[in-house]
Structure formats: structure tokens, C-alpha cells
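# Commentary on secondary and tertiary structure
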Amino acid sequence: MTWVNTTGFEDTLFRQKRKNGERKVVDAPVPAIEAPIADAHTHLGPGDAPLVLARAAAHGVDFICTIATATDDLDEVYASLDAWRADAREVLARIAPQVEDAPHVRIAAGCHPHDASKFTPEVKARLYEVLRDPRTCAVGEIGLDYYYNNSEPDEQRRVFREQLRMAHEAGLPVQLHIRDAHAEALEILREEGFPAAGVMLHCCSLPPDELRPWIEAGCYISYGGAITFGRSDDAREAAALVPRDRLVIETDAPYMTPVPLRGSKCESAHTVFTAAKLAEVFGCAPGEERRALIQQFHDNAISLLNREPNAWQRS
């Protein structure tokens, strides 16, 4: 094995971290989610990636899109991904031998708006290179973040436009990170054109009125752990407006851990809790009705993020 288990646990159990440092075992949704699940946006990294992949598979996650940040971990993700999956198969043989394989993983690569000031010509050239990698499925996460303003807004807007143009050229969908800048991001997308391959609004928590323009534009809307939070009534009301063929599930792990695991590090297996909550939002009871809904969310992610390499990538 080439990885290090830093959690102290190698099993399929969910654990909530308590204030005293102890960990309480938390039950998975009962009854279990009836359909496969796709995690449309996560951040696999060194250390526990094989265990994360194995646990995800044990809980029904069969597809993951992980992010490779152009100014940070891009080279590491591309170099390590195949080994992570191979090691995950070894972990599965011990903790869930009934599961046939680790999740299939594709990569979204891009420059996060936090790092727009670091988007040099050299970084852009390297990003072009990895967009041709057949494992790459999207340009992302890209966009605007005026909450933290880790890069100047002018820089963010410039880099957002540049990467949208790259997505147009590459024929790839985009995954958007937008915070406190949704109106301006929409304006830029209208000026540059929504990529024909698709647009996914990642980690959405917008209320209904703010979400409607994104729905009308035909975007995919992605929900993570925040949809389970007690304060997210507006987001749940908005989620119910999203056409079922445009909704996907994500974790944004290791962030945004869903209820009932708040306080613990998020991972792809936690999508089962988000899936269960979204089924409640749509009024789908466990059984065939919920199975069909979760299958739809899964198929949406696959159709957007697991396409065959396109002509530009093959050229």
C-alpha cells in the first residue's frame, strides 16, 4: 500500500466527532438509498483518498468528479489518481468484499477564483495540457468569489472570462464557484456565452428568486451538505423548483459535511445523507419512488461529467 490511514478507522461506519474528541457511530439512512449515487464535486487528496474511495463504494457511490486546482494540486491529482483507485480496491477487499470496484473518477481542472492573481501564462498553458487528458471531464471550479476576495475582483473577472473561453474551445462543461457575485457571474456568462457542453452551479444554496435565472439558462444545479442544514429552508424551497433532469448531488468534501455528521471531515460516502434529504424535498418516499429520483440525479451527473473524450481532446 502507498497510502497512510490517518483516521484510525478502516471500516464502513459513519462517525460524528464529539466536542470531547470522541466519535459516535451514526446510522446510515434507513432504509438504505435504493440507487447508485454520483458525487459531482469533491476534493480527493493525499493521505486517505483510497479509504475515502472505498467507503464511498461501500455506500453506493459509483462515480466521483474530483477537482484539480491549477495553482495548487493539479499535478498531484493527475499523477496519483490511478494509484488511489488501485489502493482503494485493496481496501474494499477488506472492508466491503461484496463491492466489485472503487468508484469511477473523472477530473475537473481549473483556476479557483481565490487564486486568480496566480493565473500566469505558465499556469494557463499547463491547464490547456491537462484539459486534453481523457480523464478530464470539465473546466472547474471557476467563477467569482466576492465573499473572501482573496484575489482582486478585476483579476477574478479576467480569469473567469479566460477560462470560459478555454471551455468553449475545448468543448467541455464548466463547474462554477460563485459566492456573493451571482448577478455579475450571470452577466459574464451571457456575454461570453454559456458553454454548450453544460454549466454546473456547484454547492448551490440560493433562494428561489435568485436561482430562477440559472434554471432558465438551462444550468445543472448541484446540492451538497448545506441542503441538510437547519437554516437552509430557502435553499430547499429553491431545490424543489429545479427540473429533475438538471439536478445533481455533491459533497465538496472535505467541506460542507451534512447533518447528522456536522463537525466531522466530509467525504464522498456522505452523499447518502444529501440524497435522502433531497428525496424528502421532492416528497419521494423510500422505495421505488425514491429509487427513481436518486437514479435520475445519478444519470444527470453521468451525462454531464462522464462523456467520452471529445474531438478536441482527441486531436
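Data block above holds the structure.
Everything quoted here is computed from the prediction, not taken from an experiment. (Residues numbered from 1 in each chain as written. Predicted model: local features only at pLDDT ≥ 70, side-chain atom pairs only at ≥ 80, totals over all residues. Heavy atoms only, no water.)

Another aspect to go through is the pairing of strand β6 (residues 136-145). Most of β6 sits out of view: 10 of its 10 residues are buried. Sheet analysis places strand β5 (residues 104-110) next to β6, joined by 3 bridges and oriented parallel. Bridging across to β6, A108 finds its partner in A138. Sheet topology places β6 next to strand β7 (residues 174-179); 6 bridges connect them, and they run parallel. Following the sheet pairing, I142 is matched in β7 by L176. One crossover worth recording links β6 to the parallel β7 by way of helix α4 (residues 153-170), and it is right-handed. (Buried < 20%, exposed > 50% of the residue type's maximum accessible area, 1.4 Å probe, protein only. Helix = DSSP H or I, 4+ residues; strand = E, 2+ residues; numbered from the N terminus. Pairing = 2+ DSSP bridges. Right-handed = clockwise from strand over helix to strand, strands pointing away.)

With 89 residues, the main nonpolar core has F160, L176, L201, L211, W214, I221 and Y223 as its most contacted residues. Examining the composition of this core, we find that 9 residues originate from one element, helix α2 (residues 74-95), more than from any other. Once you skip the residues sitting within four places of it in the chain, L176 turns out to touch I142, F160, L189, V199, M200, L201, H202 and W214. By size, the runner-up hydrophobic cluster in this structure holds 14 residues, among which are A138, M200, Y220 and L305. (Core = buried A, V, L, I, M, F, W, Y, C linked by side-chain atoms within 4.5 Å. Contact = heavy atoms within 4.5 Å.)

If you walk through the whole model with that rule in mind, you get 23 salt bridges. The closest approach of N and O atoms between R158 and E155, which form a salt bridge, is 3.1 Å. Here R158 and its partner E155 are both found in helix α4, 3 residues apart, which amounts to about one turn of the helix. Exposure remark for E155: the relative accessible area of 27% places this residue in the partly exposed category. A single network of salt bridges, built from pairs that share partners, joins K124, E155, R158 and E162. (Salt bridge = Lys/Arg side-chain N within 4 Å of Asp/Glu carboxyl O.)

Looking only at helix α3 (residues 121-131), the buried set comprises V123, L127, V130 and L131. For α3, the angular spread of buried residues about the axis comes to 100 degrees, placing them on one side. Exposed and oriented more than 90 degrees from the buried face of α3 are P121 and E122. Residues of α3 that are buried in the fold lie against α2, β5, β6, α4 and α10 (311-314). (Arc of directions from axis to C-beta.)

A separate point is the sheet that holds β5. Spatially, the 8 strands line up as an open sheet ordered β3-β4-β5-β6-β7-β8-β9-β10, and their pairing is parallel. The outermost strands of the open sheet, each flanked by one partner alone, are β3 (37-42) and β10 (247-249). Within this sheet the neighbouring strands show an average axis-to-axis angle of 25 degrees, counted without direction. Its contacts with the sheet place helix α6 (residues 208-216) against β7, β8 (199-201) and β9 (220-223), and it is angled at close to 135 degrees to β9. (Axes fitted to C-alpha atoms, helices over the stretch in contact; angles between N-to-C directions.)

A cis amide bond links V30 with the next residue in sequence, P31, at an omega value of -5 degrees. Within the element layout of this structure, P31 appears in the loop between β2 (23-26) and β3. Going from G140 to E141, the amide bond is cis rather than trans, its omega being 0 degrees. Note that E141 resides in strand β6. Positive phi values are uncommon outside glycine, yet C203 reaches one of about 55 degrees. On the basis of relative accessibility, which here comes to 22%, the residue C203 falls in the partly exposed class. Non-glycine residue M256 carries a positive phi angle of around 55 degrees. Here M256 is to be found in the loop between β10 and α8 (271-281).

Most of β3 sits inside the fold, with 6 of its 6 residues counted as buried. The sheet contact formed by β3 and strand β4 (residues 61-69) spans 4 bridges and is parallel. Bridging across to β4, A38 finds its partner in F63. Crossover β3 to β4 through helix α1 (residues 49-58) is right-handed.

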